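What follows is each chain in one-letter form.
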Amino acid sequence: MKIPTILLLIRHGETNFVVQGRLPGRLPGVVLTEKGIQQARTLGARLAEAPIRAVYASPLERARETARPLAEAKGLPILTAEDLNEVDPGVWAGRTLKSLRRLKAWKTLREDPGQFAFPGGESFPTAQARIVAQIEELRRRHSGEMIACFTHADVVRLAVAHYLMMPLQALHRLAAAPASLSVVVFGEDGEVHVPHVNQVDGLALTPPPEKKQRRTGR
């Protein structure tokens, strides 16, 4: 029986921009808060015994910060996956969500993201295409293994929507909380399963203990 390939999609922990209610995009200086650092440590400890063979992260600092405790626990390097980068919000980067919600374009973003492109940035269909291409490349590279990918909320949502065959119009019905875990399993004959979305705690990924052989009496 072929061993499945298991992809863990992990959103970074809480950041200073989350607390400030600002859209970070790809700006520098977006770092984990004390709470975010603790979320990363908790997540790393929780996944330390999982059979993870590689740790990947978006090139942005907050994703790499979140990946660090797990990478250290597993003795693995943090590898960069360029196309797990945040969706580029263009000129909206750094603006407060409160100010953005006043724009007419915000309604399109929320109600029909499949038709939306950030001013000076990416569209959701373009972003989804590059994200899925990256995941498929990692899937081929790590066939039969479990890997962890630290990334961003919209990246997680776009990936999960693709593998659930959801239309982009429903994108914002998916949640991806800080330091949450979503799981995509690639099985035999191209089968794909998404058994977990937005898990914050309580998800066991450690291999089951081996059963001891029972001795038979003679």
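Structural notes, computed from the coordinates.

About the thresholds
- Residues numbered from 1 in each chain as written.
- Predicted model: local features only at pLDDT ≥ 70, side-chain atom pairs only at ≥ 80, totals over all residues.
- Heavy atoms only, no water.
- 1 Å grid on protein atoms, 1.4 Å probe; cavity = no way out; pocket = protein on both sides within 12 Å on 5 of 7 lines; lining within 4 Å.
- Points joined across faces, edges and corners; volume = space filled by probe spheres on them.
- Helix = DSSP H or I, 4+ residues; strand = E, 2+ residues; numbered from the N terminus.
- Nonpolar A, V, L, I, M, F, W, Y, C, P; charged D, E, K, R; others polar.
- Pairing = 2+ DSSP bridges.
- Axes fitted to C-alpha atoms, helices over the stretch in contact; angles between N-to-C directions.
- Contact = heavy atoms within 4.5 Å.
- Salt bridge = Lys/Arg side-chain N within 4 Å of Asp/Glu carboxyl O.
- Buried < 20%, exposed > 50% of the residue type's maximum accessible area, 1.4 Å probe, protein only.
- Left-handed = near helix turned anticlockwise from the far one by under 90°.

## What about the layout of surface pockets?
Stage number 1. In this model, the largest pocket occupies a volume close to 500 Å³.
Stage number 2. As for the largest pocket, its lining consists of 25 residues, of which Leu23, Pro24, Leu97, Asp154 and Arg157 are closest to the centre.
Stage number 3. Within the residue set of the lining of the largest pocket, elements represented by two or more residues are helix 1 (16-20), helix 5 (104-111) and helix 7 (153-163).
Stage number 4. Split into classes, the residues belonging to the lining of the largest pocket amount to 12 nonpolar, five polar and eight charged.

## Here we look at the sheet that holds strand 3 (residues 78-80)
Stage number 1. Spatially, the six strands line up as an open sheet ordered 3-2-4-1-5-6, and their pairing is mixed. Sheet topology places strand 3 and strand 6 (192-199) at the edges, where each strand pairs with a single neighbour. Shown here is a sheet whose adjacent strand axes are inclined to one another by a mean of 25°, direction ignored.
Stage number 2. In this sheet, strand 5 (residues 181-186) lies alongside strand 1 (residues 5-11) in antiparallel orientation, the contact comprising six bridges. Bridged to Ile6 within strand 5 is Val185.
Stage number 3. The strands touched by helix 3 (residues 61-74) within the sheet are strand 1, strand 2 (52-57), strand 3 and strand 4 (146-151), with strand 2 carrying the most contacts at an inclination of about 160°.
Stage number 4. Contacting strand 1, strand 4, strand 5 and strand 6, helix 7 crosses the sheet at an angle of about 145° to strand 1.

## What to know about the pattern of salt bridges
Stage number 1. Under the defined criterion, the tally for this structure stands at six salt bridges.
Stage number 2. In this structure, the salt-bridge partner of Glu122 is Arg130, at a minimum N-O distance of 2.9 Å. Accessibility assignment for this pair places Glu122 and Arg130 in one class, buried.
Stage number 3. Close ionic contact of Arg157 with Asp154 constitutes a salt bridge, the shortest N to O distance being 2.8 Å. Taken together, the residues span about one helical turn, with Arg157 and Asp154 both in helix 7 at a distance of three residues. Each of the two residues, Arg157 as well as Asp154, counts as buried.
Stage number 4. Because the salt bridges share partners, they merge into one network encompassing Arg26, Glu122 and Arg130.

## What about the environment of Leu79?
Stage number 1. Looking at the element boundaries, Leu79 is found in strand 3.
Stage number 2. Judged by relative accessible area, which is 32%, Leu79 ranks as partly exposed.
Stage number 3. Measuring from C-alpha to C-alpha, the distance between Leu79 and Gly25 comes to 21 Å, with 54 residues separating the pair along the chain.
Stage number 4. Not counting chain neighbours up to four residues away, the residues in contact with Leu79 comprise Val55, Tyr56, Ala57 and Arg64.

## Some words on the environment of Leu9
Stage number 1. Mapping Leu9 onto the fold places it in strand 1.
Stage number 2. Leu9 gets classed as buried once you look at its relative accessible area, which sits at 1%.
Stage number 3. When the C-alpha atoms of Leu9 and Ala179 are compared, they prove to be 9.8 Å apart, with 170 residues separating the residues in sequence.

## Concerning the packing of helix 2 (residues 34-47) against helix 3
Stage number 1. Contact pair helix 2 / helix 3: the axes reach a minimum separation of 8 Å and the direction vectors enclose 30°. Like other packed secondary-structure pairs, helix 2 and helix 3 cross with a definite hand, here right-handed. Contacts between helix 2 and helix 3 involve Ala40, Arg41, Gly44 and Leu47 on the former and, on the latter, Glu65, Thr66, Pro69, Leu70 and Lys74.
Stage number 2. Taken together, the residues that form the contact of helix 2 with helix 3 break down as four nonpolar, two polar and three charged.

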